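Coordinate analysis (summary)
Single-letter residue listing:
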Amino acid sequence: MSTTAPPAEFAGGGEQAWIEVIQKMDEVYNDLLQYEVALEEKNAALEESHQFIESVLASMSDILIVCDRNGGIEEVNPSLCHFAGKSMEELAHTPVFDLFADEVERARARDLFARYAREGVHDCEFFLRAGDGSTVPVSMNCTPRVSQTGKLMGVVVTGRPVGELRKAYHALRQAHDDLKRTQSQLLHAEKMVSLGRLVAGVAHELNNPISFVLGNVLSLQRYAGRLGSYIDAVHAGELASLPELRRELRIDRILADMPHLIDGMIEGAERTRDIVDALKRFSAVDRAAPEEVDVNEVVERAVRWVSQSAAGKFAVDIDLPPGLRCRGSSGQLQQVAMNLVQNACDATAGQADAQLLVTGQVADGKLELRFLDNGPGIPEANLAQLFEPFFTTKPVGQGTGLGLSISYGIAERHGGHLRAANRPEGGAEFTLTLPVESC
Ligand SMILES: Nc1ncnc2c1ncn2[C@@H]1O[C@H](COP(=O)(O)OP(=O)(O)O)[C@@H](O)[C@H]1O
Ligand SMILES: [Mg+2]
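Residues numbered from 1 in each chain as written. Chains lettered and ligands numbered in written order. Predicted model: local features only at pLDDT ≥ 70, side-chain atom pairs only at ≥ 80, totals over all residues. Heavy atoms only, no water.

1. Things to note about the coordination of the magnesium ion (ligand 2)
All of the protein donors around the magnesium ion (ligand 2) are Asn 339 (OD1) and Asn 343 (OD1); their distances to the metal are 2.3 Å. Of this pair, Asn 339 and Asn 343 are both found in helix 9 (residues 330–348), four residues apart, which corresponds to roughly one turn of the helix. Residue Asn 339 shares its accessibility class with Asn 343, and that shared class is buried. (Donors = N, O, S within 2.8 Å, 3.2 Å for Na, K, Ca; no water. Helix = DSSP H or I, 4+ residues; strand = E, 2+ residues; numbered from the N terminus. Buried < 20%, exposed > 50% of the residue type's maximum accessible area, 1.4 Å probe, protein only.)

2. So, the site of ligand 1
In the vicinity of ligand 1 there are 19 residues, among which Asp 373, Thr 392, Thr 393, Lys 394 and Leu 404 approach most closely. Thr 392 has a polar side-chain atom sitting 2.6 Å from an oxygen atom of ligand 1. Taken atom by atom, the bulk of ligand 1 overlaps the largest pocket. Ranked by the residues each element gives to the shell around ligand 1, the list is headed by helix 9, at three residues. Per-class residue counts for the shell around ligand 1 are eight nonpolar, nine polar and two charged. (Near = heavy atom within 4 Å. Polar contact = N/O pair within 3.5 Å; in protein donor to acceptor, adjacent residues only side chain to side chain. 1 Å grid on protein atoms, 1.4 Å probe; cavity = no way out; pocket = protein on both sides within 12 Å on 5 of 7 lines; lining within 4 Å. Sits in = over half its atoms within 2 Å of the grid points. Nonpolar A, V, L, I, M, F, W, Y, C, P; charged D, E, K, R; others polar.)

3. Brief notes about the domain arrangement of the chain
By domain assignment, the chain separates into domain 1 (8–50), domain 2 (60–161), domain 3 (166–285) and domain 4 (288–439). Inter-centroid distance (C-alpha atoms) of domain 1 to domain 4 is 97 Å. (Domains from an automatic or database assignment.)

4. Focus: the UniProt feature "domain: PAS" (unreviewed entry) in the chain
Those residues carrying the UniProt feature "domain: PAS" (unreviewed entry) are residues 49–103 in this numbering. Along residues 49–103, the helical share is 42% and the strand share 18%, with 39 Å between the first and last C-alpha atoms. (UniProt positions renumbered as here; feature names shortened; annotations may be inferred.)

5. Considering the packing of helix 5 (residues 163–235) against helix 11 (residues 403–413)
Between helix 5 and helix 11, whose axes approach to 10 Å, the crossing angle comes to 115°. Note on packing geometry: the crossing formed by helix 5 with helix 11 is left-handed. Mapping the contact onto sequence places Leu 186, Leu 187 and Glu 190 in helix 5 and Gly 403, Ile 406 and Arg 413 in helix 11. Classifying every residue of the contact of helix 5 with helix 11 by side-chain character gives three nonpolar, one polar and two charged. (Axes fitted to C-alpha atoms, helices over the stretch in contact; angles between N-to-C directions. Left-handed = near helix turned anticlockwise from the far one by under 90°. Contact = heavy atoms within 4.5 Å.)

6. Overview of the packing of aromatic side chains
Aromatic ring pairs are defined here through the distance separating the ring centres and the angle between the ring planes. A complete count under the given rule lists six aromatic pairs for this structure. Ring geometry for Phe 387 against Tyr 408: centres 5.1 Å apart, planes inclined by 50°, an arrangement best described as tilted. Placement of Phe 387 in the loop between helix 10 (380–383) and helix 11 and of Tyr 408 in helix 11 is noted, with a sequence separation of 21 residues between them. The class for Tyr 408 is partly exposed, based on a relative accessible area of 28%. Feature note: the residues Phe 97, Phe 100, Phe 113 and Phe 126 constitute an aromatic cluster, connected by ring pairs. The ring of Phe 97 carries Arg 110 above its face, with NZ or CZ at 4.8 Å from the centroid. (Phe/Tyr/Trp six-rings, centres within 6.5 Å; stacked < 30°, edge-to-face > 60°. Lys NZ or Arg CZ within 6 Å of the ring centre and 35° of its normal.)

7. Here we look at the pairing of strand 2 (residues 73–76)
Here strand 1 (residues 63–68) runs beside strand 2; their pairing, made up of three bridges, is antiparallel. Among the inter-strand pairings, Val 66 is bridged to a residue of strand 2, identified as Glu 75. In sequence, strand 1 turns back onto strand 2 through a hairpin of four residues, with Gly 71 there showing a positive phi of about 85°. (Pairing = 2+ DSSP bridges.)

8. Some remarks on the sheet that holds strand 11 (residues 417–422)
With mixed pairing, five strands are arranged side by side in an open sheet as 7-9-10-12-11. A single partner strand is all that each edge strand has here, and the edge strands are strand 7 (315–319) and strand 11. Averaged over all adjacent pairs, the angle separating strand axes in this sheet is 15°, with direction ignored. As judged from the six bridges shared by strand 11 and strand 12 (residues 428–435), these two strands associate in the antiparallel manner.

9. Side note on empty space enclosed by the protein
Summed over the entire model, instances satisfying the criterion amount to one cavity of 30 Å³ or more. Considered as a void within the structure, the largest cavity measures approximately 60 Å³ in volume. Secondary structure elements with two or more residues in the lining of the largest cavity: helix 8 (295–309), helix 9 and strand 12. When residues in the lining of the largest cavity are grouped by element, the largest group, three residues, is from helix 8. Each residue belonging to the lining of the largest cavity can be placed in one class, and the counts come to nine nonpolar, no polar and no charged. (Points joined across faces, edges and corners; volume = space filled by probe spheres on them.)

And the structure:
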């Protein structure tokens, strides 16, 4: 501001006062200038934060609605405009409840928002009406908006349309279920294939107890005839000839022999039952809860079944400490053991000295079973592919290529591991490890 000379009437005594007024005006003017600069700075900062908020709201894929206390829309983000197919101007001051799909949803939303306006609503699913007229499930959150004095000003509603997500989730679950079904079918198919190959072994094992039960029954049949003759003589009152008849019919030998015959029959019947049980367990589609598994029995049975059905000579030595126990599925572990024994049998087929040694030890909290054969071993290039499904070097009809991949999965599910290697002295070595805590 420019200053001019004081008017004539202020000359003299009034001049000082005039100067002071002018100085005051200068000060006020300077203050004003500073205020203006500060205001402009604040305005710029405000503009910047406004733009920042706008850009955040615009880039949000979730919908956002700011409502007043009565549920009137005050502000929305572009996602909501896009979802509802309306502009901000069209939506402003309309009731938020109009966005809901129907009367039932509106009533639910009113009730929930009224009840929980102070505490908020979290992840509640509502159906909203989209711009194209369809109803879309939206997972919504509602947070109260309060003034500085703590007065409820309204609510902020955010929501995420879950329709697409849900569709994708369902498709994924369907695919996963299909995969699981196919996998269990494959597992079953592999079992059936190996069972088919083992029919001779199983039949042989069943034949043994059945034939000695049959032998004992025939003996009992003969004994029954002799006992019948003796009882007839007793009833006919031929007392004088009884001691002679008793000797002749060897009644005392019959009486001494009968308990052994009966015990043998019981044992044979029990063995038959055990074999049938093992067969049932093995061929079952496994869903049973984990049970205690007798590992020695599993290995011995696998060896019996495979070696009895082997076409040529196949010598197996089992060198296991007694009483190896494990928790899990005996049917599945039987499948692993049989596949390892069968693979060794196949690998050594045609060798005059075909041999398999099964050893076992418990160390460092692990139960380790080793299957060592004297076959040709595994070519280095195949080692990496051995556990892949459908990898086989056997002719069509003899190998599915699933045995090792299924066995690997079973070992992992039991918390263990299956490894393959070549022995320095030749032949292959498979190591099945199972944790002792599950044993
Ligand atoms: N003891 C072994 N010695 C040599 N090769 C083996 C042995 N065990 C498995 N293999 C190789 O691993 C392949 C895959 O085995 P597997 O998964 O059991 O399927 P399959 O027995 O149906 O071929 C076999 O075809 C064979 O080439
Ligand atoms: Mg196999």
